[in-house]
Amino acid sequence: MLPVRSKGLWSEALAMPDAPDGKDLGPSPGAQNPLVPRRMHDSYCEIRLPFASNPELLENYTNASGGIRTGLLMEHLDSLAGSIAYKHMLGPDVSSLPKNAGFYMVTASVDRLDMLAPLYPVRDMRLSGQVIHTGRSSLEIAVRMEAIEKDGKEETIMLGRFCMVCRDARTHGAAPVNPLSLETPEDHILFTIGEVHKQKRQSRAVRSLNRVPPTSSEAEALHSLYLKYGQAEKGDPSPSSDRERVWMGDTRLEKTLIMFPQERNVHQKIFGGYLMRLAYELGFANSCLFTRDHVTFVSLDGISFARPVPIGSLLRLTSYIVHSASSENYPALVHVWVHADVVDLETGTEQRTNDFRFTWGRENGPPLKRMVVPKTYGEAMQWLEGRRALEMGSEIRKLRRRS
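These numbers were taken from a predicted model, which means no experiment stands behind them. (Residues numbered from 1 in each chain as written. Predicted model: local features only at pLDDT ≥ 70, side-chain atom pairs only at ≥ 80, totals over all residues. Heavy atoms only, no water.)

**Focus on helix α3 (residues 70–90)**
With 21 residues, α3 ought to run about 30 Å at 1.5 Å a step, and its terminal C-alpha atoms sit 30 Å apart, in line with that. The buried fraction of α3 amounts to 19 of the 21 residues, a majority that puts the element mostly inside the structure. After α3 finishes, the residue Gly 91 shows a positive phi value of roughly 110 degrees. (Helix = DSSP H or I, 4+ residues; strand = E, 2+ residues; numbered from the N terminus. Expected span 1.5 Å × (residues − 1). Buried < 20%, exposed > 50% of the residue type's maximum accessible area, 1.4 Å probe, protein only.)

**Overview of the packing of α3 against helix α6 (residues 272–291)**
One way to put it is that α3 packs onto α6 with a least axis distance of 8 Å and a crossing angle of 155 degrees. Between α3 and α6, the angle is such that the two are roughly antiparallel. Judged by the twist between their axes, the crossing of α3 over α6 is right-handed. For the pair formed by α3 and α6, the contact residues are Thr 70, Gly 71, Leu 72, Met 74, Glu 75 and Asp 78 on the first element and Gly 272, Gly 273, Tyr 274, Met 276, Arg 277 and Tyr 280 on the second. Per-class residue counts for the contact of α3 with α6 are 5 nonpolar, 4 polar and 3 charged. (Axes fitted to C-alpha atoms, helices over the stretch in contact; angles between N-to-C directions. Parallel < 35°, antiparallel > 145°, perpendicular 65-115°, else oblique. Left-handed = near helix turned anticlockwise from the far one by under 90°. Contact = heavy atoms within 4.5 Å. Nonpolar A, V, L, I, M, F, W, Y, C, P; charged D, E, K, R; others polar.)

**Some words on the sheet that holds strand β2 (residues 45–49)**
Sheet strands pair via backbone hydrogen bonds, and the direction of the pair is either parallel or antiparallel. Taken together, 10 strands build an open sheet; the order of strands is β2-β4-β5-β6-β3-β10-β13-β12-β11-β9 and the sheet is antiparallel. Taken across any chain shown, the strands that pair with only one partner, and hence form the sheet edges, are β2 and β9 (253–258). Shown here is a sheet whose adjacent strand axes are inclined to one another by a mean of 20 degrees, direction ignored. With respect to the sheet, helix α7 (residues 377–402) is in contact with β3 (103–115), β6 (154–168), β10 (296–305), β11 (314–325), β12 (332–343) and β13 (350–362), its orientation differing from that of β11 by roughly 70 degrees. (Pairing = 2+ DSSP bridges.)

**Re helix α4 (residues 185–207)**
For α4, which comprises 23 residues, the first-to-last C-alpha distance of 33 Å matches the rise-based estimate of 33 Å (1.5 Å per residue) to within 8%. Three or more residues of α4 are buried, namely Asp 187, Gly 194 and His 197. In the core, the buried residues of α4 are packed alongside β4 (124–134), β5 (138–148), β6 and β7 (180–181).

The structure is reproduced here in structure tokens:
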């Protein structure tokens, strides 16, 4: 796997100029010759984590309850996606990233990561993936996490999708990527799946509540919530209510951190996988506080990367419980929104860098007795976004149970 975390010394990086001289950069992709089509399996990469046979390794990944730190695995998945993207661009035989290649790859978004089975630490794990779809300057990468038994039996634990984009090293604008060469029926099926995902991303963008008002059914659901839980400022929402109301603003949980150079990537910015882990751990803590119980990871419902996080910056991570529910398989479900903002020390202003959305649940016990309720219009839109995410996750789990 190609390294996407910087291995060099920070003292050496400080001595380098902020931007390389244009004459030292290689040609942009496709600038001199047509881009060579790649086969899907040319980009395949994997990471093996031998937890069953390496207690020392397992110790580094064990959480307080004896399970696996899922946030660390997410960090690996982001590294894996970056490695796959560069392997697609540079060719299957590449062993290291060239300096001044003329382009660079960045994570634009993470569409989904869905847990399909419990994550037990007594088995070896394999994280793998490959490119399944290409656009003009974008790649869709499918990733998989599998548990491997001692007898060789494999079980898929998690499936997910990353969207990577190619940037010109000179202009930082979009740069073309190598197209895919589809050779097998499986290749065509995967490419079609990637095309469907692309269309769904475009559809979600058009339907975003930042652009259009809620649907009539969503407005009705929001009004019903207001009538039952939102009218009384203090005390119980209604005498007949069987749930405790919690204002969304009261679920705010945040932390502010210095971004140290040890967490940088090869582009001398903070590594995106590290940010994923920080957001995951903050969201998990908030979920436990809200449910007043231990919860398990259900899905990552989306991550957007708006801009890179500079080394040495102050990063504020803020989380909210934006939707809560109960279902047949999960007596307690919570959807958490985490956003990351870089703080300007001189002005105190903040600039958004990332948005993260996660779902956690409890698989047994009584139904959740607490209900998160929005107080402002902005919070109401977040409540609806969380409702959409939980509905989509429920549909995905139903489809996979049938298959």
